[in-house]
Amino acid sequence: ELKAEAAAKKKKSNYKLGGRVHIDQWTFSESDEGINVIENEDPDFSPENRWLFRRIRLELAGEVPQNMLYRIQVDFNNPASAEIKDAYLGWTNLPNNQTLILGHQKRPLGLDHLNSSRYNVFTERPLAVEAFNEDARRFGLCMYGHNDDESVGWAYGIYNLENISTDGRFIGDSYQMGGYSRLWSSPWYDETSGGRGYLHLAIAGAVAKPDGDVGDDETNSNEGRFRTRPLARSDQRWLNTTRIPGADWYQHIAFESILNLGSLQITGEYIMTPLQREATPGAAIPADPDDLPGYAFDANLSRNMFFHGGYIYASYFLTGEHMPYQRSSGTLDRVKPHENFFLVDRMRGGRGLGWGAWQVAARYDFLDLTDGGVNGGVGHMFTAGLNWHWTPYSKVQNNLVYGSIDDSGLANLTGGTAVDAGDFLIFGSRFMIDF
Amino acid sequence: ELKAEAAAKKKKSNYKLGGRVHIDQWTFSESDEGINVIENEDPDFSPENRWLFRRIRLELAGEVPQNMLYRIQVDFNNPASAEIKDAYLGWTNLPNNQTLILGHQKRPLGLDHLNSSRYNVFTERPLAVEAFNEDARRFGLCMYGHNDDESVGWAYGIYNLENISTDGRFIGDSYQMGGYSRLWSSPWYDETSGGRGYLHLAIAGAVAKPDGDVGDDETNSNEGRFRTRPLARSDQRWLNTTRIPGADWYQHIAFESILNLGSLQITGEYIMTPLQREATPGAAIPADPDDLPGYAFDANLSRNMFFHGGYIYASYFLTGEHMPYQRSSGTLDRVKPHENFFLVDRMRGGRGLGWGAWQVAARYDFLDLTDGGVNGGVGHMFTAGLNWHWTPYSKVQNNLVYGSIDDSGLANLTGGTAVDAGDFLIFGSRFMIDF
Amino acid sequence: ELKAEAAAKKKKSNYKLGGRVHIDQWTFSESDEGINVIENEDPDFSPENRWLFRRIRLELAGEVPQNMLYRIQVDFNNPASAEIKDAYLGWTNLPNNQTLILGHQKRPLGLDHLNSSRYNVFTERPLAVEAFNEDARRFGLCMYGHNDDESVGWAYGIYNLENISTDGRFIGDSYQMGGYSRLWSSPWYDETSGGRGYLHLAIAGAVAKPDGDVGDDETNSNEGRFRTRPLARSDQRWLNTTRIPGADWYQHIAFESILNLGSLQITGEYIMTPLQREATPGAAIPADPDDLPGYAFDANLSRNMFFHGGYIYASYFLTGEHMPYQRSSGTLDRVKPHENFFLVDRMRGGRGLGWGAWQVAARYDFLDLTDGGVNGGVGHMFTAGLNWHWTPYSKVQNNLVYGSIDDSGLANLTGGTAVDAGDFLIFGSRFMIDF
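Numbers given for residues are sequential positions, taken from 1 along each chain in its written order. A letter from A marks each chain and a number from 1 marks each ligand, given out in the order of writing. pLDDT decides what is reported in this predicted model: residues at 70 or higher carry local features, side-chain atom pairs at 80 or more are listed and counted, and totals for whole chains, interfaces and linings draw on all residues regardless. The side-chain values count all of the structure's non-hydrogen atoms but skip hydrogen atoms and water molecules.

Caption draft 1: Region of the structure containing helix α2 (residues 33-40) of chain B. All names here are of chain B. Three exposure classes are used, based on accessible area relative to the maximum for each residue type with a 1.4 Å probe and protein chains only: buried under 20%, partly exposed in between, and exposed over 50%. Only DSSP runs of H or I with at least four residues qualify as helices, and only runs of E with at least two residues qualify as strands; both kinds are numbered from the N terminus onward. With seven of eight residues buried, α2 is to be regarded as a mostly interior element. Buried within α2 we find G34, I35, N36, V37, I38, E39 and N40. Those residues of α2 that are buried are in contact with β1 (16-31), β2 (50-64), β22 (394-408) and β23 (422-434). In the stretch just after α2, E41 is the one whose phi turns positive, near 60°. The contact criterion used throughout is that any non-hydrogen atoms of two residues lie within 4.5 Å.

Caption draft 2: Spatial organisation of the interface of chain C and chain A. The partner chain A presents 41 residues to the 46 residues of chain C that form the contact. Accessible area that two parts lose when put together, with a 1.4 Å probe and added across both, is what the buried area reports. Taking both sides of the interface into account, the surface hidden between chain C and chain A amounts to around 3600 Å²; carbon and sulfur atoms contribute 66%. Salt bridges are identified by distance alone: a Lys or Arg side-chain nitrogen within 4 Å of an Asp or Glu carboxyl oxygen. Taken together, the links from chain C to chain A amount to zero salt bridges. Contributions of two or more residues to the side of chain C that touches chain A are made by β2 (50-64), β3 (68-75), β4 (83-94), β5 (98-106) and β8 (169-171) of chain C. Element by element, the count of residues in the side of chain C that touches chain A is highest for β4(C), at seven residues. Amino acids are sorted into nonpolar (Ala, Val, Leu, Ile, Met, Phe, Trp, Tyr, Cys and Pro), charged (Asp, Glu, Lys and Arg) and polar (every other residue, Gly among them). Considering only residue class, the side of chain C that touches chain A consists of 25 nonpolar, 13 polar and eight charged. As judged from the three bridges shared by strand β2 (residues 50-64) of chain A and β8(C), these two strands associate in the antiparallel manner. Residue pairing for β8(C): A:L52 is matched across the bridge by C:R169. A pair of strands is considered paired only if DSSP assigns at least 2 bridges between the two.

Caption draft 3: Inspection of the relation of the copies chain B and chain A at higher detail. All copies are superposed by least squares; the fitting set is the C-alpha atoms of residues with a pLDDT of at least 70 in both. Once turned by 120° and shifted 0.0 Å along the axis, chain B lies on chain A with an RMSD of 0.0 Å. Taken together, the rotation and translation describe the operation of a three-fold axis. Mapped onto chain A, only 10% of the interface residues of chain B are again interface residues, and the two copies thus contact each other with different surfaces.

Caption draft 4: Structural detail: the relation of the copies chain C and chain A. For these two chains of identical sequence, chain C goes onto chain A by a turn of 120° and a shift of 0.0 Å along the axis, with RMSD 0.0 Å. Each copy contacts the other with its own distinct surface, as only 9% of the interface residues of chain C are interface residues in chain A too.

Caption draft 5: View of the packing of aromatic side chains. When the centres of two rings from Phe, Tyr and Trp lie within 6.5 Å, Trp using its six-membered ring, the rings pair. Their planes under 30 degrees apart give stacked, over 60 give edge-to-face, and anything left gives tilted. Summed over all chains, the structure comprises 72 aromatic pairs over all chains. An angle of 80° between the planes, with centres 4.8 Å apart, marks the rings of A:W91 and B:W390 as edge-to-face. Of this pair, A:W91 sits in strand β4 (residues 83-94) while B:W390 is found in strand β21 (residues 374-391), placing the two residues in two different chains. Aromatic side chains C:F122 and C:Y313 sit 5.3 Å apart centroid to centroid with 65° between the ring planes, which places their arrangement in the edge-to-face category. A residue pair is termed long-range when its members are at least 10 positions apart, and C:F122 in the loop between α3 (111-114) and α4 (127-132) and C:Y313 in strand β15 (residues 304-317) qualify at 191 residues. Relative accessible area serves as the criterion here: at 2%, C:F122 is assigned to the buried category. For C:Y313, a relative accessible area of 2% translates into the label buried. Put simply, the rings of A:W51, A:F53, A:F431, C:F139, C:F170 and C:Y175 touch in pairs and so form one group of aromatic residues.

Structural data, given as structure tokens:
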């Protein structure tokens, strides 16, 4: 009878329902005039403090008999303007442990983007990862696979470059596409300790063809642009190349590594992005692309540009836990505290208290978006983090970010070219639960 | 104990969670100048190609003890502007196998609209069905029933004419209402072959009272209008009467038939729509209703107009399956491939391959929206379809549409009256999964 | 084995999925000229009738092991502009039967707001409750608890004053906060009759600090404002202080009582709201705050103002049921009809009919928002209600509202100061189901 039941189940689609709530607090403690201009177009008006829902996600995922899967994930953090996150269908059990997925999904570039926001060590993702893979998800077709013992994995796919998370469509005869691939391995993974020791190495690459000469009447926009916020939820992207006129091709080459030794983890990534412009004789350089006041390209834009960035962090559990790793996907996994947080009345009187897990971390970030006449800015940022894990499903992350931005055309107060924007100090907290 | 459990279950409401993801690709291969004008107001700018989420739906439906039901279905295909699809409550087990439903639901007009988008043979619904029952769902109260052996079924209800799928409300003292009804039967249904042979016949009718003289300060809009896209997801509706001034009453009379013989199905519908205008002496005819540049009514609009359209299609399974039919609702049902698609490594080496189900189909569509001074256009379209069913829950549909539009005031390049818009060729694919 | 299963369950998060559909009809039968001006800025254009989805909610709530909970509730009544309702995480099993909740949640002020919209006796909530706790939910941190026998309960928390239900964030350096608390008790609760007799008494208070001097370039808005609709879903709030310039502090003191004697319930609340303005020498009083044409403050605004309001209602079940009460939260609970509504064909022929539960109710509402130069209006309204409960999960509510508004600056037709807006008569129905 159980057999019959199992057989019947196999004929029906199934689902798993999940979700997450991430609540943020951001305090912009200190900021120089140039930073104020970038954020508010006013040297005397510093970035505003804020509380916000960073993520309110509902997700539904499951399988369809046989050998197909689906996933729908909607984010209501700004409820009147919901965003689609994952929305795809796929074919599983393909030869060589492969799965093929069609739809809105993450591009395989940047370890910290591929790690779920539920498992990231720091509140916001690194500059380089966010700048070169903005918002991570695009519409595409991607193959995921791994070898039998999961020591090597791969992903390769083709994606459209437009971000359609709020409107669900890309319209226009310029299909701006990119090919993305990632190859990862965990040459050392200590099974006997349950994965408390491992080494992760990966390389990723991409070749993309934006349309740097989109006409005014076309629906497409030039996707030759890299930008990111300052490791915090500011209004503006403080590092921003804006849309680069004539952008024709660009590439990414990225390196990842994780070394995990029990409670200690050391992780680093580096991403290089060369970009080639078309020679369009006599094409005017727009003075104020993207309606960013004060921003200007240099008079002579180069044919070839080079942007790059990276980060390195160390994290350590004071309470002895470790950051788990999932070999088949080459990403970090859910932390399980040795003891959950609790504060309860004991049956026999008195109070019981559990402390949860405590993790400290420090990160250095670097991103250079100024080259060849593009004045996107050069950022250096230091982040100190303290994570208090209440349960495997909930925690609070506290981040203190100190940084500086140089060579930025966005901070231009005087009508000249690039200037130093200055320094800033930001404190943020994220209260998180998922289920 | 099982009895007690069953009794307890009866006292609680239940739910079934479901959803669907439909991903479209549309390529506008060829288009004449008039078509370009209709779509883009520019004879030299052809319709833009596109990829889009056609449907990302989550739905929750169930029963409330006793004898009541509910259903909520939200579509996130354009996530920042979600749409409500079904949203209703109802009373079940009423005398004569009837169910009464109050809320946002489909109007019982047009077989191909009543068929779920999961089961439609062609990617987009026929011109006549979409033009005369645009988007199908309205707010209303409708009774559904059938006789004991399900050979005859009926639906009748009263609906508001305004489409409230994006704002959830109709406001204004003009309650523009319509009475809709449909009577269907399956005089032949071959039980012994599991429904591989059947004949479906149905008639549907409606009487609607739009308010063709809505004042400028009122919130209502004149719902005396019929329009549709060209069997593809273009930006504009290429056949469009626009809002007909003084529209006072209109009626629909519709005929449906399906003949299914094993893998072969032949289906046709025809819908007639007479419309009567009020005689408003001296009322000016607006030159450019609905802000459609170049469109104009004739100087003398008739008191009576007649619009009509229809289609016929044949579909055939190369792999032997058939299109199932649900007698109680008079609509098509889910196709079950004899063999699912799969491509797997076999245990003993080598690869296993399943081919899924393959279906070919051809449709001829006709719609006449030009009469009595209204220049909505006359369309003729031919569609060739190829469906590859991977599983009962997933497939890809490929459609090649060739068509022409004549007598259209929308394609007016010269300031004269109606002209021929010309021909076009469109190729579309839809990747679908539901659960 | 059951034990192992139970233990495994304890390690996984769980969820309960629910929802509700509320469908409204509102007919504005009679309205004087001043009312027409408030609603439509035109003395001859009376409020428009309407049908609307009042609520289309999906909710997901559950627990995370151990001792944490979450809840996400999204409202799609206006689907293209969804609203977040509950969105929070919390810690349970804290000492003294307490639970601490962080996120978007109801403020503990106004019994009728704390009662779920599923259980309210009248279609819309009382004037005073809605005016002084507009939309109830804010972002905050609140502790909820009760004593061991649940005869006494309490809630206290700190909330931001901005309504972020549509955008999910408050941005700006003015963190306008309020401390809210409520203490309730049920000194009499008749256990032997299953709670058919009880007395509820409660007191609630709040101290809030709005920023009445928000600068033009800041993202914050002055939250020193009280307003409400006329117990019906009109376009405008007919009683409205508008944003009070210089508002510096305000307080709420509120009293609640319920006396339930079997089928009869008598409930009343009274809320006082003193407000203190900053003395800003020479600050100009805006003539037309909030873009409400015709509205003006008096030339000399007082330093201190006093607004207040309340209501009393009696409800009675003709069919013998009672309104249940939940002691731990101090709120009303789900009504269970003795017999559900049904109309069915009997097996042996003939029809079976169940009548459901029938409840009549009458309410008097009072609200005074005119004081110290603020001309928000004084409203008196009488509501007669008839509720037909079909099942514990579904009913229709019918309300007839007769009211008058005096001393209102919103109804100013002549450019003078406050005038009498006049009388109105409204009929509304709400069709409801939840699951």
